[in-house]
Amino acid sequence: MARARSPLADFADSKELVPAERRAELMSPIEPERTLNDWGRSERVEGFMDETLYEFFYRYWFRVEVEGIENVPSDGGALLVSNHAGALPPDAPMIAKAINEEHPRPRPLYLTVEHFFKGYPGFSMLVPKIGGVAAHPANVHRLLHDEKQLVLVFPEGRKGTEKLYKDRYRLRRFGRGGFVEAAMRAEAKLVPLCVVGAEEAMPAFAQVPFLQKLTGLIYFPITPTFPWLGPLGMMGYLPAKFKIRFLEPIDMAELGGKDAAQDKALVQTVAQEVRARIQENLHDMLGKRKSVWFG
Amino acid sequence: MSRVLLTGLSTYWGGRLAQALEAFEDVETIIGVDSEEPRVELERAEYVKVSNQHGLLSRIVRAAQIDTVIDTRLTVNSFTAGPREAHENNVIGTMNILAACSEQDSPVRQFIFKSSAHFYGSEQDDPAFFHEGMLRPHPPRTPLERDIIEAETAVAELAEQRPEVEVTILRCANVLGPDVDTAFTRMFDLPAVPMVLGFDPRIQFVHEDDIVHALEHCVFHGTPGAFNVAADGVLALSEAASLLGKRTAPVLPPWGTGLVAGPLRSLGFKFPSEMLNLLRFGRGLDNRRFKATGFDYGHTSREAVAKLGQHLRLDPVMRGVEGGYTYEREVEEFLRWSPHVQRDRPGDKTGVEADSDLLGI
């Protein structure tokens, strides 16, 4: 419809709609009567999930071990960047739970998800309530810059979750470095992190494109329990030992902040660097691991 | 001092705004034009019966030396008018009004246009909060949305052609309130709130009084540009239902929603086609730009829904207690022009003061 040079686009020129320094103060105030926030995140649903599923998986099933929790800043916006694999991976809730359990100042973690989840019945209802936010650059910017929240991204995205068991812990391409650009624009900190165990918890042995089309799902993997046990099979995790290591944060404000986001070469370099650091630490953690199940 | 021309005086917003502006001393003249008679009682606003003829409008504008035109007659609800009628009003009507105030020597210095958040549409890959600089990611799906974009484009062209005119576009979220008739007030009046199975969209509302105050605010404060008018807080539809004390009814299936909506419409559930996507994906608006101009909302989204809930519970008791109003030309003319009528001075507060007073600050 309206192309870039239409009068409409000129009229609604996005530059400095609201001065940067007033954006936080003009945010909608929190209404204590509500249990949902403006992103659709629900204290009640999240609390329920935490007490039932997360607690069990975190303590008894995956026996999560955490290193370097001090690298998660206790205030200000920060973008957490992690590796990602397996069908419907349990890594995101475990990282959120790790910050809640181990950090001296627990903070909620927002998880960026594919737009797919907003369009699929059921997921569309549940995902926002437990802290999922569509991976739109504007959403990430608002969370990091205006709300100073913690945001988790998986730059491998769908290429990561589609990864088969034989490719575990081999990082896929890190998108087009959009996550670095988002952190730079928001002048936030970027915290790389590695998760070991998640890629074995629900190994995918094959992808079935035909069934994916038929069901309209994002992908249709064959795992030890899916599709054999139906939708319930999506929760069939193997009890792999989880280890989460938070690496030293990179301060985007020091790298040049907002202006640096325009520099495509710098963005790519930082993205490569982050990817290399995660891959290196993954190799280190895997080298030290004696058993998939006992760590 | 402003001399104001209102379009669509017979519509809900035209009437409300005319009544509101009458209270301001700073508003010297209020002239309402429409092809139908006003439905509310007016003290000093004058009604001129004229249909969409830009020649006549232009003469009125010149004769009365109008400096502010407020256009609130946009159809934003496809069940209040058929697609053809809506197109006639939204596109052709807007063009006529713009033509009447875009002549080189026209006295108009301010043009305020009430638009709708349907401008942004509602899609799967939308951002969680639209700001004014964003355009919809996909082409419009319904004729109504297409018309709204076309109308806004024409208004933006006026801003480009005549830089001396301050053009304001207000993109209003879903309005709720005891008097206004919108798709959502109708939906919330049903015994249960209809939903699409498996979806719980995030939806933002705004109270009807806040829209009127927002329009007033634009008259007194120079606010060129596009603004989202939406109250603080984005609610999940299920949350809104529980505020109303109603159950949710997932009557629309996630697949083939359009097919089922048809028969349900004939059963009396009014789902305008522009609502179907909204019920699935929802929409959030970034309201900070308008707040940055100094505007304060009287209600949050939650309060707007809660107030509507109160009204809906009281409605069966209160209905029909107050008599309606019919426009009688002779009576109105007598009241306005007869030397025997004792008139109070119109409004004794100055603009901004009265404005903040009404907001309850």
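Reading the values: rules and limits
- Residues numbered from 1 in each chain as written.
- Chains lettered and ligands numbered in written order.
- Predicted model: local features only at pLDDT ≥ 70, side-chain atom pairs only at ≥ 80, totals over all residues.
- Contact = placed C-beta atoms within 7 Å.
- Helix = DSSP H or I, 4+ residues; strand = E, 2+ residues; numbered from the N terminus.
- Nonpolar A, V, L, I, M, F, W, Y, C, P; charged D, E, K, R; others polar.
- Core = buried A, V, L, I, M, F, W, Y, C linked by C-beta atoms within 7 Å.
- Buried ≥ 20, exposed ≤ 12 C-beta atoms within 10 Å, placed from the backbone.
- Pairing = 2+ DSSP bridges.
- Axes fitted to C-alpha atoms, helices over the stretch in contact; angles between N-to-C directions.
- Parallel < 35°, antiparallel > 145°, perpendicular 65-115°, else oblique.
- Left-handed = near helix turned anticlockwise from the far one by under 90°.
- Right-handed = clockwise from strand over helix to strand, strands pointing away.
- pLDDT = per-residue confidence, 0-100.

Trainee: Before we go on, may I ask you to explain the interface of chain B and chain A in this structure?
Mentor: It is common to report an interface's size as the accessible area lost on association of the parts. Taken together, the 39 residues of chain B in the interface contact 38 residues of chain A. Counting residues per element, the ones that place at least two in the side of chain B that touches chain A are α4 (143-161) and α10 (288-292) of chain B. Sort the elements by how many residues they give to the side of chain B that touches chain A and α4(B) lands first, with 7 residues. Considered class by class, the residues forming the side of chain B that touches chain A number 17 nonpolar, 8 polar and 14 charged.

Trainee: Where do I start with the nonpolar core in this structure?
Mentor: Note that soluble globular proteins tend to have their nonpolar side chains buried in a common cluster. Of all hydrophobic cores here, the largest spans 168 residues; its most connected members are L79(A), L80(A), I95(A), V151(A), A183(A), V206(B) and V229(B). Sorting elements by how many residues they give to this core places α4(B) first, with 9 residues. When neighbours within four sequence positions are excluded, V206(B) is seen to be in contact with C172(B), A173(B), V175(B), I211(B), V229(B), A230(B), A231(B) and A304(B).

Trainee: Hey, could you run me through the environment of R105(A) in this one?
Mentor: Within the secondary structure layout, R105(A) lies in the loop between α3 (91-102) and β3 (109-113). Expressed as a C-alpha distance, the spacing of R105(A) and S74(A), which sit 31 residues apart in the sequence, is 5.9 Å.

Trainee: How should the sheet that holds strand β1 (residues 2-7) of chain B be read in this particular structure?
Mentor: In any sheet, the strands associate via hydrogen bonds between backbone groups, in a parallel or an antiparallel arrangement. All names here are of chain B. Taken in spatial order, the 7 strands of this open sheet run β3-β2-β1-β4-β5-β6-β11, and their pairing is parallel. At either margin of the open sheet sits one strand with a lone partner, and together these are β3 (46-49) and β11 (225-229). For this sheet, the mean inter-axis angle between neighbouring strands, taken without regard to orientation, is 20°. Against the sheet, helix α6 (residues 208-220) contacts β1, β4 (68-71), β5 (110-116), β6 (166-172) and β11, and its axis sits at roughly 155° relative to β5.

Trainee: Would you mind showing me how to read the packing of helix α7 (residues 237-244) of chain B against helix α11 (residues 301-318) of chain B here?
Mentor: Angle between the axes and distance between the axes are the two parameters that describe a pair of packed helices. Residues and elements named next belong to chain B. With their axes 8 Å apart at the nearest point, α7 and α11 run at an angle of 40° to one another. The angle between the axes of α7 and α11 places the two elements in the oblique class. Where α7 crosses over α11, the handedness of that crossing is right-handed. Across the interface between the two elements, A240, L243 and L244 of α7 pack against R302, V305, A306, G309 and L312 of α11. Each residue belonging to the contact of α7 with α11 can be placed in one class, and the counts come to 6 nonpolar, 1 polar and 1 charged.

Trainee: Explain the pairing of β5(B) here, please?
Mentor: Residues and elements named next belong to chain B. Burial within β5 is extensive, with 7 of its 7 residues counted as buried. Burial along β5 is two-sided: the residues Q110, I112, K114 and S116 and F111, F113 and S115 are all buried. The pairing of β4 with β5 spans 4 bridges and is classified as parallel. Counted as the bridge partner of T68 is Q110 from β5. Regarding the hand of the β-α-β motif, the stretch spanning β4, helix α3 (residues 83-101) and β5 is right-handed. Sheet topology places β5 next to β6; 7 bridges connect them, and they run parallel. Paired with K114 across the strands is L170, a residue of β6. Taking the sense of rotation as the criterion, the β-α-β connection linking β5, α4 and β6 turns out right-handed.

Trainee: Looking at this structure, I do not really get unusual backbone geometry. What am I missing?
Mentor: With the exception of glycine, most residues fall at negative phi, and the peptide bonds are largely trans. Residue and element names in this part refer to chain A. Phi is positive for Y169, which is not a glycine, with a value near 60°. Following the sequence through the fold, Y169 ends up in the loop between α7 (158-161) and α8 (178-185). Even without glycine at this site, E187 takes up a positive phi of about 50°. Here E187 shows up in the loop between α8 and β6 (189-196).

Trainee: Explanation requested: the confidence of the model for chain B in the structure shown.
Mentor: Detail in the predicted coordinates should be disregarded across regions flagged by low pLDDT. Residues and elements named next belong to chain B. Mean pLDDT over chain B works out to 88, with 94% of the residues at or above the 70 mark. Note on residues 348-361: pLDDT under 50 across the span, and 23 contacts to partners over four residues away in sequence or across chains. Listed scores for the predicted complex are pTM 0.88 and ipTM 0.88.

Trainee: Help me understand the environment of P127(B) in this model?
Mentor: As for its position among the elements, P127(B) is in the loop between β5 and α4. C-beta crowding within 10 Å serves as the criterion here: with 21 such atoms nearby, P127(B) is assigned to the buried category. With 158 residues separating them in the primary sequence, P127(B) and L285(B) have C-alpha atoms 9.3 Å apart. Non-local contacts of P127(B), meaning those with residues more than four positions away in its chain, are made with H136(A), A138(A), N139(A) and M134(B).

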